[in-house]
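# Tertiary structure, described
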Amino acid sequence: MDLRLRGSDPTPAERATVDLFLLSSGVSEQANGRAANTGHEARAHRHLLLPALHSLQDEIGWISEGALSYVCERLTVPPADAYGVASFYALFSLRPRPPLVAHVCDDIVCMKKGAEDIIATLQDKLGPESSEEGAATWLRSPCLGQCERAPALLWQRAGSDDRSHAPASSEAVGRLLADGLFDAPERGTAPQTETPRDPRLRLLRRIGLVDPTDLDDYRGHGGYSALRRAVRLGPEGIARELADSKLMGRGGAAFPIGAKWDAVAKAPVRPHYVICNADESEPGTFKDRILMEEDPFALIEAVTIAGYATGAERGYIYIRGEYPLATHRLEDAIAQARARGMLGGNVMGEDFVFDIELRRGAGAYICGEETALMNSIEGFRGEPRNKPPFPTQVGLFGKPTAINNVETLFNVLEVLAEGGPAFAGIGTKDSTGTKLFCLTGAIAKPGLYELEFGATLRELLDLAGGVTEGATIQAILLGGAAGTFIDTSDLDLPLTFEATRAASASLGSGVVHILDESSDISAVLLRIAAFMRDESCGQCVPCRVGTVRQEEALQRIVAGRKNASGQDDVALLADLVRVMSDASICGLGFTAGVAVKSALERGLLTPQGSNS
Amino acid sequence: MSRAARFKLGVIKRTVELTIDGVAVEVPEGATILDACNKLGIVTPTLCYLSTLTPVNACRVCVVEVEKARVLAPACSRKVEPGMVVHTDSERVRHSRRMVFELLSSSVDMSLVSGEVKGWIDSYGSDAARYGPPAPPAKVGERDARHAGHHHAVDGSVAETVAQPVKIDNDLYVRDYSRCILCYKCVEACGEDAQNTFAIAVAGRGFDARIATEFDAPLTDSACVYCGNCIGVCPTGALMPKSEYDLRQQGRWDEARQTVTQTVCSFCGVGCNLDLTVQDNAIVRVDSPLEHSVTHGHLCIKGRFGFQHVQNLPD
Ligand SMILES: Cc1cc2nc3c(=O)[nH]c(=O)nc-3n(C[C@H](O)[C@H](O)[C@H](O)COP(=O)(O)O)c2cc1C
Ligand code: SF4
Ligand code: SF4
Ligand code: SF4
Ligand code: FES
Ligand code: FES
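Residues numbered from 1 in each chain as written. Chains lettered and ligands numbered in written order. Predicted model: local features only at pLDDT ≥ 70, side-chain atom pairs only at ≥ 80, totals over all residues. Heavy atoms only, no water.

With that settled, the discussion passes to the pattern of salt bridges. Summed over the entire model, instances satisfying the criterion amount to 67 salt bridges over all chains. Of the charged contacts in the structure, one is a salt bridge between Arg527(A) and Asp106(A), with a shortest N-O distance of 3.0 Å. One end of the pair, Arg527(A), is in helix H19 (residues 521–535); the other, Asp106(A), is in the loop between strand S1 (100–105) and helix H6 (115–126), and 421 residues separate them in sequence. Across the pair, exposure class does not vary: Arg527(A) and Asp106(A) are buried alike. We note a salt bridge from Asp161(A) to Arg163(A), for which the minimum N-O separation is 3.7 Å. Of the residues examined, Asp161(A) reaches a relative accessible area of 44% and is grouped as partly exposed. One connected set of salt bridges, linked through shared partners, spans Glu244(B), Arg248(B), Glu255(B), Arg285(B), Asp287(B) and Arg304(B). (Salt bridge = Lys/Arg side-chain N within 4 Å of Asp/Glu carboxyl O. Helix = DSSP H or I, 4+ residues; strand = E, 2+ residues; numbered from the N terminus. Buried < 20%, exposed > 50% of the residue type's maximum accessible area, 1.4 Å probe, protein only.)

Structure, rendered in structure tokens:
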């Protein structure tokens, strides 16, 4: 490939940042720059593009043309291509930006918990959104995955680690801007792990008890016994246990994990890869974050088991870019596991090879879609691929790949601990095991909850102390922005895959968001519509344009304004929802209109502007 | 799929039998539903598909209904499977095709698409006006500056479009992205599928995604070598030779006065076929036939733009 660069030079600091990153990634400096940097060897570095861009954003605070050009030269990537990748992600800035940036969540949970007050404070102290000058600026953000402690902020800091800030307040934000002192991150909230501790916990069994920074403490709490058992069973034995367990994926699609791993294990093409999908960006979801922050070694162990079972020697954990604490804990856990021989050339002395690489997303919900995630790791735009072929045959780098959600992988440890048939005895016939729920809104104790499948919504709410005192439920959003609304007549709905499906709803990522009489459902819907528009990758017409038209029509309906063309906007929305769910490429488009449709069906949005 | 794989000849292939609109059809293994439709003479609308480019299946106008599948499938890239039952004219298919054309025409200037595409837009009953009056065009550079994951607040009184000023930064061709449907064809032609120059790529995200050079630099500063292969594949007139653009601006472009003459490029020994569009005894545009085995429609700067020497015209 003959690169033509525009001749903008990096600053010494930018060059040093990129050099340091590449050195740490094992890319050697070429004696004569580009000339030697061609051919297969050089192109094989494309997958380092995203982390290289991260290194610049982290250290310098933005990505200049000279810096991008230097990255292109070192990695042999055409600059237009690299620009296309960098401009895909919300956390990267391609224009100068102050070193401190507050990303303020104004999404479905935080909007009701004072997000606009915080925004008013920031506006007052720092001026309008996204200024290029000054010591700090602020930006609105979609859900930051800290919803149980809303309202939430993410402080992006050039030259220093990023910080989550939740619960935040106008006062705390004002104080922080004055003194520059960042508090230590707060722990996630899982009320069942507080005293008196719920004895039924499985996935959360170690949370709050184990030291997340200490491999020995993890082993002291039973850690790595599942891997030991896995090795004793061998890949086929693991496949049998998983098939018996009837464990289904928790990432949203409820696909049986046994079938997925088996397909990869048997795929003739080599090498195989495993990926843990830790991109958790569905508004209202924070379960994977708490698991990773509080019990990171368990994820390392589970991914290692995935590698062993599918014949992969390399695994990736793709974590969303807005999770600094979980990222830090996992980096540390991987380093400890390597140092102690739990990853590497002879894992646990059991004579198999496996290592894990941690990759950070950069602000793109769509990168949670499995094939978009793979493109993102490979250094391309996070655009989903058309399926078939499925990742079990053609996945990461075109090779057979098993990709699973964090919670799914935690369940694998349980399956191995108890045995597949015993695991299948938990929950219901078609939804086995336990499920994590992210409970927020008008509820006494918001937080992460674990319940056996089959428990009803009412039982979940009771566990959380019931609705906020004095509040009455108007509606419940199940499954997040891609989810559906239900109401109090559904309180006895068992929270299982089959029962929610029968009720035309879906558990999705486990979001249960309670809206009381004081909640503005129109505002929630408008936020969801804006979210879908912002997060569409833009590849296919139904979703790229459909999400825009959906937001416009919804705005008119909510404002009680007539469509200037005399169209019935409710019918227009129905047409849009249909083409998005029928003709899009991926799940984002399929579900982009689901929440709006369900709100209309439930009469939660009374169209005042319709002509009908 | 690599080009080599697509043009491989001589391999004996098994055939696959499927049913389309109630008619049984047999096609070679590895063929697409579109191939099978073509064999039956069923016309399928396409926008982002071109036989010489890797399918990106992005526009979704070619969708068909495959029995037992939850969602519609893009005919241009979905491989046939034995026993597949396909419907190309069901209500579901017609709805999606109508809506895709409608969403595009409501946001993009489609006035220069081919007569065939215009026919489809009409026959599927697309009504671009349903979404209200179009929003005013973006100012120079505004769309290029948009940040992923953020958009300005809308109130629904006008319909967003991609309208923006034309980019004229060189003497050979113009880029009028108000006409861009984001079919990815130019990017593919500039990249791996033909030119291997990689001067342009898709940048940004969602509705603000756009075709761009690095940091939206003018073409003259980019890697572009002016082969014009992007022009050759653009289905909407977003990319256009300056010669054609100027005539159109002056109101002098007149297809009734044009002839197309086929010849062979005289610059080198490769032997690329050229289609010269001539109006009033002057060459106004050069293309190469898609079916030509040497070029597959692609040329270089000399063949595409080097025609001044054959016509000694007063200014
Ligand atoms: C728009 C979109 C976003 C998604 N985000 C996530 C995510 O953040 N985490 C996740 O595990 N799965 C997500 N998924 C689902 C994945 O594509 C995939 O099904 C999942 O990772 C498979 O893991 P599982 O089988 O363990 O559930 C998303 C899907 C779509 C369409
Ligand atoms: S449905 Fe939306 S997010 Fe998915 S590929 Fe299409 S444009 Fe991208
Ligand atoms: S003229 Fe050729 S090199 Fe320039 S952008 Fe078009 S295809 Fe690429
Ligand atoms: S400029 Fe033309 S070829 Fe390129 S994406 Fe737009 S419409 Fe397609
Ligand atoms: S952090 Fe604000 S909604 Fe999730
Ligand atoms: S022609 Fe098939 S998706 Fe565009």
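On we go from here.
Residues and elements named next belong to chain A. Close to ligand 1 lie 18 residues; Gly 251, Asn 277, Asn 404, Asn 405 and Thr 408 are nearest. The separation between an oxygen atom of ligand 1 and a polar main-chain atom of Glu 280 is 3.1 Å. Between ligand 1 and the protein, one listed contact pairs an oxygen atom with a side-chain N or O atom of Asn 405 at 2.7 Å. Considered on its own, ligand 1 offers 610 Å² of accessible surface; in the complex 88% of this is hidden by protein. (Near = heavy atom within 4 Å. Polar contact = N/O pair within 3.5 Å; in protein donor to acceptor, adjacent residues only side chain to side chain. Areas by Shrake-Rupley, 256 points an atom, 1.4 Å probe, with all protein chains shown as cover.)

A word on the domain arrangement of chain A. Residues and elements named next belong to chain A. Here the domain parsing of chain A yields domain 1 (12–86), domain 2 (100–179), domain 3 (215–424), domain 4 (434–516) and domain 5 (521–601). Taking the mean C-alpha position of each, domain 2 and domain 4 sit 28 Å from one another. Between domain 2 and domain 4, the contact holds six residues from the first and seven residues from the second. A buried area of about 470 Å², summed over both sides, lies between domain 2 and domain 4, and 69% of it is on carbon and sulfur atoms. Considering only the side of domain 2, the residues that lose the most area to domain 4 are Ile 108, Val 109 and Glu 148, jointly responsible for 71% of the buried surface there. Here domain 2 is connected to domain 4 by one salt bridge. Asp 516 is the partner of Lys 112 in a salt bridge, and the nearest nitrogen-oxygen pair spans 4.0 Å. (Domains from an automatic or database assignment. Contact = heavy atoms within 4.5 Å. Buried area = accessible area lost by both parts, 1.4 Å probe.)

This brings us to the interface of chain A and chain B. Think of interface size as the accessible area that goes away when the parts come together; that is how it is often given. Chain A puts 68 residues into the contact, and the matching count from chain B is 71 residues. Contact between chain A and chain B buries roughly 5,600 Å² in total, counting both sides, with carbon and sulfur atoms accounting for 52%. Taken together, the links from chain A to chain B amount to five salt bridges. Across the pair Arg205(B) and Glu535(A) runs a salt bridge whose closest N-O atoms are separated by 3.0 Å. Our count for the chain A to chain B interface comes out at 37 residue pairs in polar contact (both at pLDDT 80 or more). Residue assignment for the side of chain A that touches chain B shows that the elements contributing at least two residues are helix H4 (65–75), helix H5 (79–86), strand S2 (136–141), H19, helix H20 (541–559) and helix H21 (569–583) of chain A. Tallied by class, residues from the side of chain A that touches chain B come to 29 nonpolar, 16 polar and 23 charged. (Nonpolar A, V, L, I, M, F, W, Y, C, P; charged D, E, K, R; others polar.)

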